[in-house]
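# Residue-level structure breakdown
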Amino acid sequence: MSLLADVTLILFILAGALWGFRQGFLRGTAGVVGLLLLPRLTLIILRALPLPKEFFDSAGAPVGVIGLLIFFMVFLVLLAAVQIAARSVDQPLQRLLPSPVRLGVYKPLGAVTGSFVFFLAFGLLFSSFSGLASADAPVLDSMAAHSSERSMQMMGLPDFQQISWKNILPNQTVNAPDGTGTLEFPALTGQVTLEPGLEREMVDLVNQERTSRGLKALRVDSTLTDMARAHSLDMIQRRYFSHYTPEGGSVADRADAAGLAYRIVGENLALAPDLASAHDGLMQSPGHRENILRPDYSRFGIGIYREEGLGLVITQNFAD
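Residues numbered from 1 in each chain as written. Predicted model: local features only at pLDDT ≥ 70, side-chain atom pairs only at ≥ 80, totals over all residues. Heavy atoms only, no water.

Moving on: the overall build of the protein chain. Each helix and strand counted, the protein chain has 10 helices and five strands in total. Within the protein chain, the fraction of its 320 residues that count as buried is 49%. Long-range pairs, those at least 24 residues apart, make up 77% of the contacts in the protein chain with a sequence separation of at least 6. Accessible area for the protein chain stands at about 15000 Å²; split by element, carbon and sulfur atoms hold 64% of it. (Helix = DSSP H or I, 4+ residues; strand = E, 2+ residues; numbered from the N terminus. Buried < 20%, exposed > 50% of the residue type's maximum accessible area, 1.4 Å probe, protein only. Contact = heavy atoms within 4.5 Å. Areas by Shrake-Rupley, 256 points an atom, 1.4 Å probe, with all protein chains shown as cover.)

Pasting the structure below:
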């Protein structure tokens, strides 16, 4: 799928060059300006409308099929208006230009702007559709995905691939590996102690794994740390080991309850006798390793409690 997405991106850019050459520099520039400014204007308009809150996440981005459809409908109307206005000026302008200037300068510049227009448009479409299909799709590592991320940043939009789609799939969370399942602890018998020193050591271990591979180190976020500590302690006190609480609450639910602003949130859990074996186990597990090395994340928090006779109960929370 990654190769198909990359080939599609290349074809989009070539099509954009052809479109830009035919339309000319002014309409191509109007398309670039429109794609850079109108998505944010669309979000401002949608937030001002009396729409149900479930259509948007905590960051104000459209969530789910209906939210995306509303977003694209408003956005396309605005973009069409910009293109119509540009066309009314462009056609008389092209008639005034000498043929050598029109064919040798004006239209080639249009091809350049047209390529950029289609690059941005592809990023918008790819990000939304791949996000709806699966927030954890392997296509995230492709050139198309990185292009999508850059185009979202240029437009000032959250990457739709990075939205938690819990409004479509209840109790589904981006990258909370399923391998732990649910495990009932034996009765609580030993002393329970918070281990902030081990938390700092694990922060260093995680960031060493990332920086050694050319990824940015994650910054420690106090809200994510509080969430991680609370979940580790809750698992100990209520004798379960799972990404879901006995009531069915997920890491996304806990993030919302904590007031965390995020586009994507993930979680790793570990139960181990010591920190080294916990970290090694996480790195050897594909889902947990993906969380630790995921380029999309920018911050995290770690909560570690030690229960005498049981070991370390570790929660790692990640967010963009």
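With that settled, consider helix H9 (residues 275-284). Among all positions of H9, only Leu275, Ala278, His279, Leu282 and Met283 are buried. One side of H9 carries all its buried residues, which in axial view fall inside an arc of 130°. (Arc of directions from axis to C-beta.)

For the rest of this paragraph, the subject is the packing of H9 against helix H10 (residues 286-293). Direction vectors running N to C along H9 and H10 enclose 100°, while the axes themselves pass 5 Å from each other. As judged from the angle between their axes, H9 and H10 are roughly perpendicular. Residues Leu282, Met283 and Gln284 of H9 lie in contact with H10, whose contacting residues are Pro286, His288, Arg289, Ile292 and Leu293. Along the lines of polarity and charge, the residues of the contact of H9 with H10 split into five nonpolar, two polar and one charged. (Axes fitted to C-alpha atoms, helices over the stretch in contact; angles between N-to-C directions. Parallel < 35°, antiparallel > 145°, perpendicular 65-115°, else oblique. Nonpolar A, V, L, I, M, F, W, Y, C, P; charged D, E, K, R; others polar.)

Take a nonpolar patch on the surface next. On the surface, Val7, Ile10, Leu11 and Leu14 cluster together into a nonpolar patch covering about 370 Å² of accessible area. As for its position among the elements, leucine 11 is in helix H1 (residues 2-23). Taking relative accessible area as the criterion, leucine 11 reaches 51% and is therefore assigned exposed. (Patch = residues over 30% accessible without salt bridge, like charges linked within 9 Å, V, L, I, M, F, W, Y side chains within 5 Å. Salt bridge = Lys/Arg side-chain N within 4 Å of Asp/Glu carboxyl O.)

This part covers the packing of aromatic side chains. This model, assessed by the stated rule, comprises nine aromatic pairs. The interplanar angle of 55° and the centroid separation of 6.3 Å between the aromatic rings of phenylalanine 12 and phenylalanine 118 together place this pair among those described as tilted. Placement of the pair is phenylalanine 12 in helix H1 and phenylalanine 118 in helix H4 (residues 99-133), with a sequence separation of 106 residues. We classify phenylalanine 12 as partly exposed; its relative accessible area is 26%. Overall, phenylalanine 118 belongs to the partly exposed group, its relative accessible area being 21%. Centroid distance phenylalanine 71 to phenylalanine 75: 6.2 Å. Interplanar angle 10°. Geometry classified as stacked. With a gap of four residues between them, phenylalanine 71 and phenylalanine 75 both fall in helix H3 (residues 64-96), about one helical turn apart. (Phe/Tyr/Trp six-rings, centres within 6.5 Å; stacked < 30°, edge-to-face > 60°.)

A word on the nonpolar core. If you look at the biggest cluster of nonpolar residues, it comprises 21 residues, and the most contacted ones within it are Met202, Leu275, Ile292, Phe300, Ile302, Ile304 and Ile314. For this core, the elements supplying multiple residues, two or more each, are helix H6 (196-211), strand S3 (265-272), H9, H10, strand S4 (299-307) and strand S5 (311-319). Excluding its chain neighbours within four sequence positions, the residues that come into contact with methionine 202 are Leu275, Ala278, His279, Leu282, Ile302, Ile304, Ile314 and Gln316. By size, the runner-up hydrophobic cluster in this structure holds 20 residues, among which are Leu43, Leu79, Val117 and Met155. (Core = buried A, V, L, I, M, F, W, Y, C linked by side-chain atoms within 4.5 Å.)

Here the focus is the pairing of S3. The buried fraction of S3 is high, at seven of eight residues. Both S3 and S5 contribute to a ladder of eight bridges, which runs antiparallel. Considered in S5, the bridge of glutamate 267 is made with asparagine 317. (Pairing = 2+ DSSP bridges.)

A separate point is the side chain of serine 115. Mapped onto the elements, serine 115 comes out in helix H4. Exposure remark for serine 115: the relative accessible area of 17% places this residue in the buried category. Not counting the four nearest positions on each side in its chain, serine 115 is found in contact with Ile13, Gly16 and Ala17.

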